[in-house]
Structure formats: C-alpha cells, structure tokens
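Tertiary structure, described
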Amino acid sequence: LLHYADGLSRAVSGRVVRSGHLLAQPHGESDLESADIAVDTVEDVQPDTTQMVPVSGGVRMTIFDPTNETRTPRIAPGIVASATTSDTSDTESIESTASLPALHCGDRIVAAMQLRPPPRYFDPGVWDYAGYLLTQGINAHASLAEGKVQILPPEHAPLSCRILAIQQWAATRMLAYTASSANLRLPPALRLSVEDAGMLNAMLFGDRSRLDRGLRTGFERTGSFHLFVVSGLHLGIIAGGIFLLLRRLRVPLLANALLTLALALGYAMLTGWGVPVQRALAMTAIFLATRLLWRERNVLNALGVAALCVLALAPRSLFDASFQMTFLALLAIGGIAIPLGERSFMPYARGARQIEAVGLDVTFAPRIAQFRVMLRLLGEHLQPLLGRRARRLPAFLARIFFWCAELVLIGVVAELLMVMPMAIYFHRATVLAVPANLLSIPLIGILVPAAMLTFLLALISPALACVPGAATAAMLHAITAVIRHGSRLAIADLRMPSPGAWVIAAACALWCFALWAVRRQRAWAWAGVAALPAAAMLLLWPWAPYTAHGAMEVTTIDVGQGDSILVVSPEGGTLLVDAGGPIGGPFAQTNIDVGEEVVSPYLWSRRIRRLDAVALTHAHSDHIGGMKAVLENFRPRELWVGINPMTPAYRALLAEAAALNITVRHFAAGDSFPFSGTRINVLAPQPDYVPGPQAANNDSLVLDVHYGQASALLEGDAEAPSEEAMLAAGLVHPATLLKVGHHGSRTSSTPEFLAAAAPVDAAISCGRRNPFGHPRVEVLDEFAAAHTRLYRTDTMGVATFLLSADGGIAAKSYANTAQ
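The text that follows walks through the structure, step by step, so that each part is easy to find. Counting restarts for each chain, with residues numbered from 1 along the sequence as it is written. Thresholds applied to this predicted model are a pLDDT of at least 70 for local features of residues and 80 or more for the giving and counting of side-chain atom pairs; totals over whole chains, interfaces and linings are not thresholded and use all residues. Only hydrogens and water are removed before side-chain values are computed, so all heavy atoms of the structure are retained for them.

Counting from the N terminus, the helices are DSSP H or I runs at least four residues long and the strands are E runs at least two residues long. Within the secondary structure layout, Asn-698 lies in the loop between β18 (678-684) and β19 (702-707). Whether two residues are in contact is decided by their heavy atoms, any of which lying within 4.5 Å being enough. Sequence-distant contacts of Asn-698, that is, excluding residues within four places in its chain, are made with Tyr-689, Ala-718, Glu-719, Pro-721 and Ser-722.

Following this line, the structure appears as structure tokens:
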C-alpha cells in the first residue's frame, strides 16, 4: 500500500474496521473523528490509463469540513494534511475538521483520498509511531473532505466489529446517564459529569476517547494511570466479586467456576478484548481450574502458564511494554513480596482471623497460637470498658494493620521493579506512586463494582442508578482530587533518561538474585531485600551524558517540518535551539507533542537530564510548539529570545519560564558572550528591528557559535531581508557549519549570504514530503555549486557535527541505518 502513498488523489475501496472519536473536548463534543480502513483495492494511475488493483494494508482516514475556515485544525498523530504550496510561509492553517459521516465498523466504502505514510522520526530514542501502527494493520494516513466518501451496502460484520460495537454502545450508555435528569438533580459532589463518564468508560470499557489529557498526565505523574485504563486489575475485581457472591449464595464449585468464567469472558468482550484483559482472563481461568482440581494455587506457576499462552498466540507481545510491565509487576508480587510477607507478618494476619475459634489454635505454629491467645486476652480486658463487641476489636485492628502492611509491601516491591520500565518507556521516576496507589487501590476495589452496578441499573432506569451513581461519583471525585493535588507537586514530575544496556543487565541480575534469596535463609533473604533498592538506585543514578569531549557538537534533530538543534560545548554545556512543533500556525494543535515525544526522548537517549540554556529563534509553531514540554522536562537555567511580537504562544512561553524560575535573556545583533568554552555572537535581529503583529520568519534570532577556528552559524528561519541586514552590518564571516535558513526555502540563502558564509558543511531541517516543497531545488543547486556537503533531516534524519578547535569538522547521520 505504501507504494501508492505518494500524495496523489486516488480512489480507494475497503472495509471499515474501526470508527469513532479521535479527540474530544471537555464538554463532550467531538473535535475530530476517524476510521480505520482495511484496503482491498486502490486506483493505479498511469499516464494513459487508470485501473483498480488489489492491495493489502490499512489506512487511518480523517475527514474534514472544507467549508469551515474558522476552526483551527486538530491533526491526528501522523496525519499529514494537504496545504497550500506557498513557499513564503509554512504557518498557514492547513485544514479544518468536522464530524465524520455515519461510518460503522463493517461498512464498505469507496473514497478519493491522498495516501501518506505515517511520520517516522529518525532520531535515537524516539518512539516508532509508524511501527506501532503496523502492529494495528495501518500502513498509511489519509485526510479527505466530507462528502467524498461513498458508503456501500455493508457486508457481514466480523466478530471484531461486533466487539467494537458493544464497547461503543456501553460507553454511550454511560454518557447518556450523565445527561439524565436523575443524575443532574444530585449535588455536584455526587453527580457524574461528562468528564467523569470519560474516566469510567476508560476504566470499565477501555474507551479512552473522552479521557481528559490533563487528568491523564496527572495519573501518569503519580504512577497510577493503570487505575483508569481497563486492565487485569479491573477484570480481577469483577471476576473476584462474582466468585465471592456466588460462593455466598452457596452455588456449587463447578457451577461457580463456569459461571464466573463466562461472565468474566463477557466483560472482557465488553472492554474490547484488549491484550491486558486477555492476560487477566487467562490467569483467572487458571486460578479457577486449580480450585476445581484441588491443586495448590501458586502465583508463579499461574504467571508462567499465562505468559506461555499469551506468547504462543502472539509472540510479538514479548516486546510490548504492557506485557512486560504486567508480568514484571506480578513477578514482583508473587515472586518477592508474597515470600517476604510469608516470612514476616502474613502468618500473623491469618492468625487474626476467626479469633474466637479456640480449637483452631493447634493448627498454627506456636508463636501464632500465642498471638491468638494474646488477642483474646486483650479483648477480654476491653469488654468491661467497651461492651461485648470489644472482644473482637483487637483482632479486627490487627487484621486492618496487617492488610495495610501487605498493601505497603506489595506497593513498595512492585514500584521498585517498575523503576526500569517507567524509565525506559515513560522517562519518569514515579516517586508518589506508592502513596497514590495506597490511597487509590482500596477505593478502586469498591469503585469498579459500584460503577458497573450504576451502568447496569442505568440500562433499566436512570432513577435506579442514582444511589450507586452517587457513591461512584463521590469515590471518583475523591481519587481524582488526590491525584490532581499530588501531580502538582514538583517531586511528582521527575523525568529521567533511559538507562544504559549494562545498567539494565545489572538490574535484572539483582532482581534474579532477590527472587532466589528471599526463599533462602534469613541472611540471604535480607541480602535479597537489599538488592531491590540497589537495582533501583542503579537505574536512577545520574550517569554522565553521552558527549564528545574536546570538540563542539552541533546536532540537527529530526523533528519533521520544523527546527531543533542541540549544541554541546567542549566543556559539556548544553544549548537547545528551538524545539520543533506542528506546522499550521502559532495556534495549531496536534495530538503529537514534538517536544515531549521527539525532542525530549532524543535528549534522554543522550542521558541529558538538564539543559543549561534553551534558545527560541522566533515564535512560529514549528519552532516554539515543543518548547513547553522541553522547559518542563529539562528545567534549563536560561531561555534566550530575540525581538518577538507578543503573540499568545510567545506570551505563554514567557509565563511558563517565569513559573519554572527560568531566567529569560533578550538578545539582538551585536551582543556577544561566552558560553561554556565557546563564544556566541548574535547576528540578528538588528537592535532597531520592529516586529509585526504576528510572528514572522525575519524575527529569527541568528546565533554564530565559535570554538577556536571553527564556527556554527544557526540561521533559524531568517529570510533575505534579515540576511541583507546582517551583511550590511558586516556580521557574516566564513563558517564551518551553516544551519540553512527557513528549511531550504528560496526566500533564504541568498547568493551573497552564502558567499560570505562559505560553509564547509550545511544542514537543512525539513519534513519528509512536506507540503511546501522544502528544500527547493534552486537552493540545493546553489550548495552543490559551492561544493558544500549538505545534510537533510528529511532523508538522513538526525545529523551530528563535531567541530574541532583547529577548524576541522566531522559529520554522521542516523537515518541510513534506521532505514
């Protein structure tokens, strides 16, 4: 299918395999919707003929309203929209979106669309979004105008469509309850809002389309996001509740097991049959089978069988973050926490049960039997003071204490093992995970059944669902309030680089030792306990960044159609110039935060934890868009800016810098200052430069970074007028490396400027198949005529240049091996 992803408009036919909301606003209206299409034929366009040819592959299709010119586009991850081909500006609004036609899973469609490959950033450490889409059967993206989709009579809907329809139906019913008069009459604290329904739909049914992004970030920071996505925890709660209820009703064991498994299977289908739920269902079936066969239940055995079943069906799951984190957490609980508990307080916890059954004392070890006697004696002493029921009070308090101790032990051990996957996949150190989960998990155990009861009763009548709905709202609001307040603490948002290979290997070795040691003699057990924090410390240790000593490094990061440049001084000082962002204007929004998902992962792959300075050339979205995330993640000491209009985006950046206590320094042409073994000269804008009302390319802050006889001229998006001003002021001198202005546009890189700069090497930062035709052929010809070696991020990915004090330069790119 990718052979036809060339930007030409082609007829495509196929079957809808997924449809629904892509983004949602807090008030519930859809901002953008999409559908996944399993393609069977595509139009093959030849000079003299066209024909429909069979292909296999998938397209994620987005539909927009071409008549709506007022709304700002919200482009899905990887969706490259068509745009004007004007070469003078890359900041115009691209497309607007409207509601999707009534497409349903199983519908057959024919549509004219421009197929485009998903974005792939050739930077180390950056998540392979295109590879992720391939696991879902998606090869290409397309955006097309509303009305260009022809819906054909549907075929027989496959099982996957039926599961999706059930999931969407359930989510819709929960949203309908929030709009009912019975719910709206409740006080706000006991009322479920649309935002609440979005969380419950994610928790119960796996529908994340209305999950508030800000709240999601708060749960990620506190290490409790797993509570609000449907997972094994939720299926375990549902299955456990059904099992216990049927046991209380004295249902025979075989019938209990079969009915529990059947209802758990039905709930798993309701949630969309995700892989985490499949794993939990497998372990539930194993647990029930052990009871039927009267076999001793062993967590590690059940874990091993479930893992083998999942891997036999889907071997790729071994490399899935969800699979790894699920089984690592269960390994921590079953392999380390439970054995530690059994060797310490868990026997006492069992001894505190059925305390009045004296005859059971002989079944316990002597120390536990003595503990039971002590609890009864304490109860007898309390009876004259507090009444007859006080006899059970010491045992009750002991059970509560041991239950809390078990929660703490499991939470601490699990989080110690979660340090590594959290660092690798999310670059977070979730310091507040243990207290947040200790507060949230007990409530989740009640919240999930209450929410499910609310859903079931709401199917009959919203009035019947009011009581469980009010209880659900109260618990949900309590949990979200705790998470919101906790996530605002500075300690809750510690970002960290990915650990090195040898650190990962050492941590795994320490975990294996702990698994073995906790089952051995006391001295070995204590050594095993000590191994867990030792492994965490190895992973969290601030190892030195990967830098080239004795040379100045300039790296052009592949951010698509945008700019981001890392400068590392010979003394290790770090400067980031621009942070990429979406094209489409200063206010354009996208589901991909380039600063968070591209620039930051690259810096973390270099083990960089903090930047010394960040420079903004100008306030266009493809330069400023990723700045907020970079400032939050790397807390630079200084922010360098030029002369910019006070646009909303620029004003927000200055406010963010003030909130983070980052010093803002304003520069203009003629300024010169040292930076960590280098000297930086500012070439533009001129001190008397007056910006317009909106951000413009000629606002660009142009920096000339010198190290010995070598220099790097970083031009931003400066165009011909700015270049002429620099030449007139006599500020342009021969440079070792030139970052070409405005992505290789013909509005920059004038012959006079190139002659004065005379770079040995040059780098152009631009996006693959960008809608502006950058870099222009005329510009490429000029560099070829000057015998300048040219590096492009669209074809070569991230490029690193090492400049030596004697004026030498060495370069290497990443994409050739990545491709």
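Right, let's get into a nonpolar patch on the surface. Patch membership requires more than 30% relative accessible area and the absence of a salt bridge. Residues of like charge join within 9 Å; the nonpolar side chains Val, Leu, Ile, Met, Phe, Trp and Tyr join within 5 Å. The Shrake-Rupley method, run with a 1.4 Å probe sphere, supplies the accessible areas, and residue values consider only the shown protein chains as cover. A side-chain nitrogen of Lys or Arg and a carboxyl oxygen of Asp or Glu constitute a salt bridge if their distance falls within 4 Å. Together, Ile-166, Trp-169, Leu-456, Leu-459, Ile-460 and Leu-464 give the surface a local cluster of nonpolar side chains, amounting to about 570 Å² of exposed area. Element by element, the count of residues in the nonpolar patch is highest for helix α14 (residues 433-460), at 3 residues. By relative accessible area, Ile-166 is classed as partly exposed at 39%. With a 1.4 Å probe rolled over the protein chains alone, any residue whose accessible area is under 20% of its type maximum counts as buried; one over 50% counts as exposed, and the rest are partly exposed.

On inspection of all chains with the given rule, the structure shows 18 salt bridges. For Lys-739, the salt bridge identified is with Asp-563, shortest N-O distance 2.6 Å. Remark: Asp-563 occurs in the loop between β10 (552-556) and β11 (565-568) and Lys-739 occurs in strand β21 (residues 737-739); sequence separation between them is 176 residues. In this structure, the salt-bridge partner of Asp-761 is Arg-789, at a minimum N-O distance of 2.7 Å. Remark: Arg-789 occurs in strand β23 (residues 789-792) and Asp-761 occurs in strand β22 (residues 761-764); sequence separation between them is 28 residues. For Asp-761, a relative accessible area of 1% puts it in the buried group.

All right, on to unusual backbone geometry then. Pro-685 follows Ala-684 through a cis peptide bond whose omega is 0 degrees. With respect to the element layout, Pro-685 can be found in the loop between β18 and β19. The linkage connecting His-774 with the following residue, Pro-775, adopts the cis geometry, with an omega of -5 degrees. Here Pro-775 lies in the loop between β22 and α24 (777-785). Phi angles above zero are rare outside glycine, and His-427 is one such case at about 55 degrees. With respect to the helices, strands and loops of the structure, His-427 is situated in the loop between α13 (393-426) and β8 (428-429). Located in the positive-phi region is His-787, a residue other than glycine, with phi close to 60 degrees. Note that His-787 resides in the loop between α24 and β23.

So, about helix α20 (residues 627-634). Among the 8 residues in α20, 7 count as buried, and that is most of the element. Of the positions making up α20, those classed as buried are Met-627, Ala-629, Val-630, Leu-631, Glu-632, Asn-633 and Phe-634. Just past α20, the residue Arg-635 takes up positive phi, approximately 40 degrees.

Both faces of the sheet carry side chains from a regular strand, because those side chains alternate between them. Every second residue of strand β12 (residues 574-577) is oriented toward a common face, with Thr-574 and Leu-576 on one face and Leu-575 and Val-577 on the other, all of them buried. DSSP-based pairing: two strands are paired if at least 2 bridges between them are found. Relative to β12, β11 is paired through 4 bridges, and the arrangement is antiparallel. Residue pairing across strands places Leu-566 opposite Leu-576, the latter belonging to β12. The pairing of β12 with strand β14 (residues 613-615) spans 3 bridges and is classified as parallel. Residue pairing in the sheet places Leu-576 in a bridge with Val-614 of β14.

Bringing the environment of Asp-40 into the picture now. Tracing the backbone through its elements, the reader meets Asp-40 in strand β2 (residues 30-45). For Asp-40 and Ala-398, which are 358 residues apart along the polypeptide, the C-alpha to C-alpha distance reads 65 Å. Leaving out residues up to four positions away in the same chain, Asp-40 has contacts with Ser-13, Gly-14, Val-53, Pro-54, Val-55 and Arg-108. In this structure the side chain of Asp-40 is engaged in a polar contact, spanning 2.8 Å, whose partner is the side chain of Ser-13. We define a polar contact as two N or O atoms separated by no more than 3.5 Å, with the added condition that, inside protein, one atom must be a possible hydrogen donor and the other a possible acceptor, whereas residues neighbouring each other in sequence contribute only through side-chain atom pairs.

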